[in-house]
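A structural walkthrough
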Amino acid sequence: MTGQTVEVIFTEEEDPVVVSTIAELDAVLDRVTAETSPHTPPLIALDMPAQERSLMVGVRGAVGVLNYVDLTTGDGYASKGTATDAPTPPYFYCGTWTGITAGAEIPIEQVRAAAREFLTTGDRPTCITWQ
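These remarks concern the structure in this document. (Residues numbered from 1 in each chain as written. Predicted model: local features only at pLDDT ≥ 70, side-chain atom pairs only at ≥ 80, totals over all residues. Heavy atoms only, no water.)

1. Describing the overall build of the protein chain
Along the backbone of the protein chain there are two helices and nine strands. When the helices and strands of the protein chain are placed in sequence order, the string is β-β-α-β-β-β-β-β-β-β-α. Taking 2.2 N^0.38 as the reference for a compact globule, 131 residues should give roughly 14 Å; the C-alpha atoms of the protein chain span a radius of gyration of 13 Å, in line with that estimate. Of all intrachain contacts in the protein chain linking residues separated by at least 6 positions in sequence, the fraction that spans at least 24 positions is 55%. Summing over all exposed atoms, the protein chain offers an accessible surface of approximately 6,600 Å²; the carbon and sulfur share of this is 54%. If you average the places of the 7 positive and of the 18 negative side-chain charges in the protein chain, the two averages end up 7 Å apart. (Helix = DSSP H or I, 4+ residues; strand = E, 2+ residues; numbered from the N terminus. Rg over C-alpha atoms; globule rule 2.2 N^0.38 Å. Contact = heavy atoms within 4.5 Å. Areas by Shrake-Rupley, 256 points an atom, 1.4 Å probe, with all protein chains shown as cover. Lys, Arg positive; Asp, Glu negative; His and termini not counted. Charge placed at Lys NZ, Arg CZ, Asp CG, Glu CD.)

What follows is the structure, given as structure tokens:
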């Protein structure tokens, strides 16, 4: 499936940004990376309201996290890093600290690849391991 559109939610105060190309998505991820503070790693939502799917994307320097939710089935998955027992620090989403599944941090390159795949297919990305 191609030609997906996602609504990117940064904060409750900002209107969602509509993204439909890899270049636009990369620009959003570049913005998030540039605005990242080590003390408040951001978590943004890539929402597909019509398909009732969402990919949460967190960025913390060279690592990040993903959380995929399919509201039609109730299924939810977190990215799986190599240190599955390691506590994952909270990320900041819409003004609220959000707890993240332990061991969810993965290299930022994998986070970006999964976000691109989500935009392209509309499905849970297959390029990473999930828990």
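2. Here's the deal with the nonpolar core
Grouped together as the largest cluster of nonpolar side chains are 25 residues, with contacts concentrated most on Val6, Val8, Ile44, Leu46, Leu55, Val57 and Leu66. Among the secondary structure elements, those contributing two or more residues to this core are strand 1 (6-9), helix 1 (22-34), strand 3 (43-48), strand 4 (53-60), strand 5 (63-70) and helix 2 (108-121). Of all the elements, helix 2 adds the most residues to this core, at six residues. Not counting residues within four places of it along the chain, the set of residues in contact with valine 8 comprises Pro16, Val17, Val19, Val28, Ile44, Ala45 and Leu46. (Core = buried A, V, L, I, M, F, W, Y, C linked by side-chain atoms within 4.5 Å. Buried < 20%, exposed > 50% of the residue type's maximum accessible area, 1.4 Å probe, protein only.)

3. Looking at the packing of aromatic side chains
Any aromatic ring pair is given by two values, namely how distant the centres are and how the planes are angled relative to each other. One pass over the full model with this rule turns up three aromatic pairs. In textbook terms, an aromatic cluster arises when at least three aromatic residues are bridged by ring pairs, as seen for Tyr68, Phe118 and Trp130. The ring centre of tyrosine 77 lies 3.9 Å from the NZ or CZ of arginine 124, which sits over that ring. (Phe/Tyr/Trp six-rings, centres within 6.5 Å; stacked < 30°, edge-to-face > 60°. Lys NZ or Arg CZ within 6 Å of the ring centre and 35° of its normal.)

4. A short note on the pattern of salt bridges
Here the structure, examined in full by the defined rule, presents eight salt bridges. Between arginine 31 and glutamate 14 there is a salt bridge; the shortest N-O distance is 3.1 Å. With arginine 31 in helix 1 and glutamate 14 in the loop between strand 1 and strand 2 (17-19), the pair connects residues that are 17 residues apart, well separated along the chain. In this structure, arginine 53 and aspartate 70 form a salt bridge, with 3.7 Å as the shortest nitrogen-oxygen distance. With arginine 53 in strand 4 and aspartate 70 in strand 5, this residue pair connects regions lying 17 residues apart in the sequence. Shared partners join several salt bridges into a network, and the residues in it are Asp26, Asp30, Arg112 and Arg116. (Salt bridge = Lys/Arg side-chain N within 4 Å of Asp/Glu carboxyl O.)

5. Quick look at helix 2
Here helix 2 spans 20 Å end to end across 14 residues, near enough to the 20 Å set by a 1.5 Å rise per residue. Taken together, the buried positions of helix 2 are Ile108, Val111, Arg112, Ala114, Ala115, Glu117, Phe118 and Leu119. Glycine 122 lies just past helix 2 and shows a positive phi near 80°. (Expected span 1.5 Å × (residues − 1).)

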